[in-house]
Structure formats: C-alpha cells, structure tokens
Amino acid sequence: MATPADITAMRRAIALAARGLGSTSPNPVVGCVITDASGHQVGEGWHQRAGGPHAEVHALRAAGVLARGGTAYVTLEPCNHTGRTGPCAQALIEAGVARVVYAVGDPNPQATGGADTLRAAGVEVGAGLLADEAEAGNLAWLTSVRTGRPFVRWKYAATLDGRTAAADGTSRWISSAESRADVHRLRAEADAVLVGGGTLRTDDPHLAVRGVEGATQPLRVALDTHAGLLPTARILDDAAPTLLVVGEDADTRHLPGVDILRLPLHDGRVGVHELLTQLYARGIRSVLLEGGPTLAGAFLAGGAVDQVVGYLAPVLLGAGPNALADAGITTITQALRLDITETTPIGPDLRITATPKGA
Ligand SMILES: NC(=O)c1ccc[n+]([C@@H]2O[C@H](COP(=O)([O-])OP(=O)(O)OC[C@H]3O[C@@H](n4cnc5c(N)ncnc54)[C@H](OP(=O)(O)O)[C@@H]3O)[C@@H](O)[C@H]2O)c1
C-alpha cells in the first residue's frame, strides 16, 4: 500500500524524468528520487542524454552513503543490462538500498529483469505506483518500443471552424503568441520536426527551437520530393541539424553539404512508413509533424499519428484551407474517432490533445 510520502516521491521522479524529453533518444526519459532509511529525500536525478548516466546513478551519487537502507523511487523498472553504462539494478544493490519502487515495467527485452535481480538480492520491490502518469510522461518512447517506429505527434493551429488560412491564403497569425511559444516547447520535446513540401515552399519555415532554455535542437526534416529547395532556405541554416528527404532520382547538386535521404516514390510520393523506418534507424524516437494538411492526411491514412495537438483560436473564417486534407476517409463509419486527453487554455486559444481511440 503506497503512502502519501511514496506518492510525493514518485511524482517528483516523474517531474524529473520530463526534464530529459527531447535529449535521451533512443533511450527513455527516467527520473529517480532516493530517500534515506527515515524517509527523507537524500538524492534525485534524471537521465539527461543517451550514453550518459542513468537516473538511478545520478540519484545514488547525490545520496552517497545515505542511500543505505533507504528507498529508490524510479519511473521505469531499473535496467538489468550493461549497455553504454552498467546495470542500474546492480548499482542499487551495491549502494545498499533496501526498497525499490518503480512505476512502469521495462518493455525493452534487453533491459528488462531488473526487478527480479533486485528481489534475488533481497531488496523489497514495489511496481506500478503512479504507472499511468509515468507512462504518459514516457509516451513517445513506450510507443516507439511497441510499434518499432517513432512516436508521431501531429500539431496544427486552426480557427474555431477548422481553417488554417483565409481564402486568399493569408494565415499570419491565426494562433496567439502564447500558442506559438508552446509549440517551441513541443519542438524541444521531439527528436525530429517534420514538414511537407507545400509548407516548405509556402512558409520557408525555420523549425528550430527558440525561447526554451537548455533545449536540444530537434532534427529538422523536410519532404522535398524533387529537391526544389533553394540553398538559401531558412531550414538549411546552422541553428539545428536538417535532413532533406527527396525521391531517389532527385537532382541535389545545388545543395552540397545538405544531409539528403533518398527514398523510392510511390505515385510520386515518399512512403510514410519507409520514412519513419529510416528516421527510427537514425535514433529518432519522436516526431512532431507540423503539417501541412496534405502530409497530415497521408500520415493519418497510414495509421501513423499517435497523438493530435490542436491549437484552436477564437477566430472564424468561413472559407479557406482546412487543417486536414484527404486522409482516405469517405464515409462517416470510417471517421477516425479520438479520445481527448487534455484541454488547456493557452493565452486566448484552446489547446486540445487527443489520441486515436483504441491506441
Ligand atoms: N496552421 C497550421 O498548423 C499549418 C501547419 C503547417 C502548414 N500549414 C499551411 O499548409 C499549407 C501547405 O500545406 P499543403 O497541404 O499544401 O502541403 P504539405 O502538407 O506541407 O506538403 C505536402 C507535400 O509534401 C510532399 N510529400 C512527399 N511525400 C508525401 C506524402 N507521402 N504525403 C503527402 N505529401 C508528401 C509533396 O510535395 P513535393 O512533391 O513537392 O515534395 C506534397 O505535395 C501552407 O499554406 C502552410 O502555411 C498550416
């Protein structure tokens, strides 16, 4: 039975884990809090980057000898394998921790088994405390382990009647400055930010993170089937790395030094799942899909959207392009139904977060 102190410590560990979002891939985000034998917090830590110490190691270092006889609260089952760092289960045993409470079991076949190792060494182990909260915090990584492709979050901004521009094409700015700042936070949490060729040509987007302290810049990915991009495009500056995805026969000689991914075309288009497979192979575990509507439609048609984040502005237009283009849905029984997981006012706008039903 979890005590209020257990819940407080685990909630702190979940908050610590979130600090790693955007910088730990291909690893999960993990937070850890250690209390001494009398229940006082003596150490905390989070996994900050792949290849660096795990959360437990940071927290054990902070706790020192005070960890002996104490409790470790970890958002994910302590790992059991030696990768770039040693097994955390062993580190906890050697530190003399008497009890380990973790929120979510490790689904990674290479790393799982930490709980058994701890129990075999006589450590009391509890599982499942605040599991839903911890899972939500690790949604991208857990989804990528389950699906074998990066987690995809589709973000859009629209008027209350679902338009992303006026009939004459003008669109700046539908959503508020507060919403646009919030999008920078979403970019900072993602490993990659993706746009289609239409957006690339119309908006000349920059896509780097601004205004988020300590942010790791995501990989900027743009689909440009025929490599029409000019070398002066803002996405090619050195604010963040960029990957240009082109058809296999595209002429890219005018883009020396640009990281190019060539993919076969199907009906003149890059395959959504082929693209995601290639990004996964590059260590990308989460993608922020920033549109536009055509590309979002292709991702939805391919069943490759795991979460939708819509910024709805209190504005009406009545005409103009919709937030979403054809997603292969022709009749109401095919409609993609979503569960709303959060609604949050952002400045004058409303941010709605939703996931496909049954996901
Ligand atoms: N309000 C918002 O949240 C928001 C966000 C983003 C964009 N926008 C607006 O959306 C407009 C552009 O949208 P759009 O629908 O014209 O274009 P888009 O969705 O940005 O890009 C579609 C293009 O991507 C390329 N592509 C390659 N493989 C694809 C695939 N499998 N599926 C779909 N596209 C693929 C194709 O261009 P190529 O053949 O040339 O490569 C295709 O025409 C702009 O006006 C922009 O301002 C609004």
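Residues numbered from 1 in each chain as written. Predicted model: local features only at pLDDT ≥ 70, side-chain atom pairs only at ≥ 80, totals over all residues. Heavy atoms only, no water.

Chemist: Sorry if this is basic, but what is going on with the layout of surface pockets here?
Modeler: To find leftover empty space, one rolls a probe the size of a water molecule over the atoms. Its volume calculated, the largest pocket comes out at about 1600 Å³. T199, D203, E290, G291 and G292 are the residues nearest the centre of the largest pocket, which is lined by 50 residues in total. Listing elements by their share of the lining of the largest pocket, those giving two or more residues are β6 (151-159), α7 (177-189), α8 (197-203), β12 (269-270), α9 (272-281) and α10 (293-301). Per element, the largest residue contribution to the lining of the largest pocket is six residues, and it comes from α8. The residue inventory of the lining of the largest pocket, partitioned by class, reads 21 nonpolar, 17 polar and 12 charged. (1 Å grid on protein atoms, 1.4 Å probe; cavity = no way out; pocket = protein on both sides within 12 Å on 5 of 7 lines; lining within 4 Å. Points joined across faces, edges and corners; volume = space filled by probe spheres on them. Helix = DSSP H or I, 4+ residues; strand = E, 2+ residues; numbered from the N terminus. Nonpolar A, V, L, I, M, F, W, Y, C, P; charged D, E, K, R; others polar.)

Chemist: What am I meant to see in the nonpolar core here?
Modeler: Proteins that are soluble and globular tend to have nonpolar side chains buried together. If you look at the biggest cluster of nonpolar residues, it comprises 37 residues, and the most contacted ones within it are M10, I34, V97 and V100. Listing elements by their share of this core, those giving two or more residues are α1 (4-18), β1 (31-35), α2 (55-63), β3 (71-76), α3 (88-94), β4 (99-104), α4 (114-120) and α6 (139-147). Contact partners of M10, with chain neighbours within four places excluded, come to Y73, V74, T75, V101, Y102, A103, L129 and L130. Residues L243, L261, V270 and L289 belong to the second largest nonpolar core, which totals 27 residues. (Core = buried A, V, L, I, M, F, W, Y, C linked by side-chain atoms within 4.5 Å. Buried < 20%, exposed > 50% of the residue type's maximum accessible area, 1.4 Å probe, protein only. Contact = heavy atoms within 4.5 Å.)

Chemist: Looking at this structure, I do not really get α1. What am I missing?
Modeler: Residue pairs three or four apart in sequence face the same way in an α-helix, which turns once every 3.6 residues. Helix length check: α1, at 15 residues, gives a terminal C-alpha distance of 21 Å against a target of 21 Å (1.5 Å per residue), a fit within 8%. Buried residues of α1: D6, A9, M10, A13, I14, L16 and A17, and no others. Axial view of α1: buried residues confined to an arc of 160°, hence all on one face. Looking at α1, the residues exposed on the side facing more than 90 degrees away from the buried face are P4, A5 and T8. Close packing links the buried residues of α1 with β1, β2 (41-46), β3, β4 and α5 (131-137). (Expected span 1.5 Å × (residues − 1). Arc of directions from axis to C-beta.)

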